[in-house]
Amino acid sequence: DSGVTQTPKHLITATGQRVTLRCSPRSGDLSVYWYQQSLDQGLQFLIQYYNGEERAKGNILERFSAQQFPDLHSELNLSSLELGDSALYFCASSVLVGTEQFFGPGTRLTVL
Amino acid sequence: KNEVEQSPQNLTAQEGEFITINCSYSVGISALHWLQQHPGGGIVSLFMLSSGKKKHGRLIATINIQEKHSSLHITASHPRDSAVYICAARRGSQGNLIFGKGTKLSVKP
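A brief structural summary. It should be emphasised that the depicted structure is a prediction, and the values quoted were computed from it without experimental measurement. (Residues numbered from 1 in each chain as written. Chains lettered and ligands numbered in written order. Predicted model: local features only at pLDDT ≥ 70, side-chain atom pairs only at ≥ 80, totals over all residues. Heavy atoms only, no water.)

## Points about the overall build of chain A
Stated formally: In DSSP terms, a helix is any run of H or I states spanning at least four residues, a strand is any run of E spanning at least two, and both are numbered starting from the N terminus. Between the two quantities, the radius of gyration covers C-alpha atoms and the globule rule is 2.2 Å times the number of residues to the power 0.38. Here, residues are in contact when the closest pair of their heavy atoms is within 4.5 Å. In this description, accessible areas are obtained by the Shrake-Rupley approach with a 1.4 Å probe, and a residue is regarded as covered only by the protein chains that are shown. The charge count includes Lys and Arg as positive and Asp and Glu as negative, but it does not include His or the ends of the chains. Here the site of a charge means NZ on Lys, CZ on Arg, CG on Asp, or CD on Glu.
From N to C terminus, chain A includes zero helices and eleven strands. Shown N-terminal to C-terminal, the secondary structure of chain A runs as helices and strands in the order β-β-β-β-β-β-β-β-β-β-β. At 13 Å, chain A has a C-alpha radius of gyration in line with the 13 Å of a compact globule built from 112 residues. Taking all contacts inside chain A whose residues are at least 6 apart in sequence as the whole, residues at least 24 apart take part in 55%. When the accessible surface of chain A is totalled, it reaches about 5,300 Å², and 49% of it is carbon and sulfur. Separation between the mean location of the 8 positive side-chain charges and that of the 11 negative ones in chain A comes to 3 Å.

Below, the structure is given as structure tokens:
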């Protein structure tokens, strides 16, 4: 158990819908990262937050947004969902930017 | 060409064999991570290294910065080592990672 929690574990929804994925980092970790793992693209970095502020952006679609709250938990919002958004979404956390990352168990999103 | 390349893509070994997985990267990095992903999907961080060599139990990771190459070795492999091993490069001062496509390892008893 890495200490990073993600909810929900599984999510099945329809095209056009909006969902929110939640991540609680390990106690004491200030940095949160979101990654997407799809069958065709593999693991890709989406976005990073540090102590509530956005620090880096990767291949994140405009339909996706995220934030990190004062209690350091983070949410990833996915809207206008498409079939291609079906993937595993991982959150990871680290104490500081650039230190070892610990991964959550992931949220498996299925868009029908 | 991907910025992080792994080989082999698939690897089957007999229990007890010495295993090597290779990772080459084409960008400047601040650190190289090795991750393990089990069939259930969970990802575990094995190593983070920026130079030299690290060892944890039967796992050894090395990196050669000049050659932009890293290796993950597993000694005395066991069926429970069966997983996908992923190398990931961290660029610059930000923590975000660029991932290889993974090596699927299957260790037969």
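Read on, since the account is not over.
## Notes on the interface of chain A and chain B
Filter applied, for reference: A quick way to say it: buried area is the sum, across both parts, of accessible area lost when two parts are put together, with a 1.4 Å probe. We count a salt bridge whenever a side-chain nitrogen from Lys or Arg sits within 4 Å of a carboxyl oxygen from Asp or Glu. We define a polar contact as two N or O atoms separated by no more than 3.5 Å, with the added condition that, inside protein, one atom must be a possible hydrogen donor and the other a possible acceptor, whereas residues neighbouring each other in sequence contribute only through side-chain atom pairs. Gly is put with the polar residues, along with every residue not named as nonpolar or charged; the nonpolar set is Ala, Val, Leu, Ile, Met, Phe, Trp, Tyr, Cys and Pro, and the charged set is Asp, Glu, Lys and Arg.
Counting from both sides, the interface comprises 18 residues of chain A and, opposite them, 16 residues of chain B. Here chain A meets chain B over a buried area of about 1,400 Å², counting both sides, of which 57% is carbon and sulfur. Its largest share of buried area at the contact with chain B, chain A owes to A:Leu43, A:Glu100 and A:Phe103, together 35% of the area lost on that side. In this structure, the connection of chain A to chain B is made through zero salt bridges. Between chain A and chain B we count two residue pairs in polar contact (both at pLDDT 80 or more) in total. Of all the secondary structure elements, the ones that give two or more residues to the side of chain A that touches chain B are β4 (31–38), β5 (42–50), β6 (53–57) and β9 (87–94) of chain A. In terms of residue count, β5(A) provides more of the side of chain A that touches chain B than any other element does, four residues in total. Residue classes in the side of chain A that touches chain B are distributed as nine nonpolar, seven polar and two charged.

## Some words on the sheet that holds strand β6 (residues 52–56) of chain B
Strands in a sheet are paired, the pairing made by backbone hydrogen bonds, and the direction either parallel or antiparallel. Residue and element names in this part refer to chain B. Just so we agree on the cut-off: Should DSSP find at least two bridges between two strands, the strands are taken to pair. Comment: axis = line fitted to C-alpha atoms, over the contacting stretch for helices; angle = value between 0 and 180 degrees taken between N-to-C directions.
An order of β1-β3-β8-β7-β6 is seen for the five strands of this open sheet, with the pairing classed as antiparallel. This sheet does not close on itself; its edge strands, each paired only once, are β1 (4–7) and β6. Between one strand axis and the next, the sheet turns through 15 degrees on average, direction left out of account. In terms of strand pairing, β1 meets strand β3 (residues 19–25) through four bridges, oriented antiparallel. Residue pairing in the sheet places Val 4 in a bridge with Tyr 25 of β3.

## Remarks on the pattern of salt bridges
Formally: Exposure is judged per residue with a 1.4 Å probe applied to protein chains only, and the accessible area is read against the type maximum: over 50% gives exposed, under 20% gives buried, and values in between give partly exposed.
If you walk through the whole model with that rule in mind, you get five salt bridges over all chains. The salt bridge involving A:Glu82 is made with A:Arg63; its shortest N-O contact spans 3.7 Å. Placement of the pair is A:Glu82 in the loop between β8 (74–78) and β9 and A:Arg63 in the loop between β6 and β7 (64–68), with a sequence separation of 19 residues. In this structure A:Glu82 comes out as partly exposed when scored by relative accessible area, which is 43%. B:Arg58 is paired through a salt bridge with B:Asp81; the nearest N and O atoms lie 2.8 Å apart. A residue pair is termed long-range when its members are at least 10 positions apart, and B:Arg58 in the loop between β6 and β7 (59–64) and B:Asp81 in the loop between β8 (69–74) and β9 (83–90) qualify at 23 residues. Among the residues examined, B:Arg58 registers a relative accessible area of 26% and is labelled partly exposed. Note on B:Asp81: relative accessible area 7%, which makes it buried. The network of salt bridges with common partners includes A:Arg63, A:Glu82 and A:Asp85.

## Description of the layout of surface pockets
Put simply, the rule is: Definitions used throughout: a 1 Å grid over protein atoms alone; a cavity as a set of points that fits a 1.4 Å probe which cannot get out; a pocket as an open set with protein on both sides within 12 Å along at least five of seven lines; a lining residue as one with an atom within 4 Å of a point. Grid points are joined across faces, edges and corners, and a volume is the space filled by probe spheres set on the points.
Empty space within the largest pocket amounts to approximately 580 Å³. As for the largest pocket, its lining consists of 26 residues, and the residues nearest its centre are A:Gln37, A:Ser38, A:Leu39, A:Gly42 and B:Gln37. Counting residues per element, the ones that place at least two in the lining of the largest pocket are β4, β5, β9 and β11 (107–111) of chain A together with β9 and β11 (103–108) of chain B. Sorting elements by how many residues they give to the lining of the largest pocket places β11(A) first, with three residues. Broken down by class, the residue content of the lining of the largest pocket amounts to nine nonpolar, 14 polar and three charged. As a volume, the second largest pocket reaches approximately 380 Å³. What lines the second largest pocket is a set of 20 residues, and nearest its centre among them are A:Leu43, A:Gln44, A:Asn59, B:Ile98 and B:Phe99. Counting residues per element, the ones that place at least two in the lining of the second largest pocket are β5 of chain A together with β10 (97–99) of chain B.

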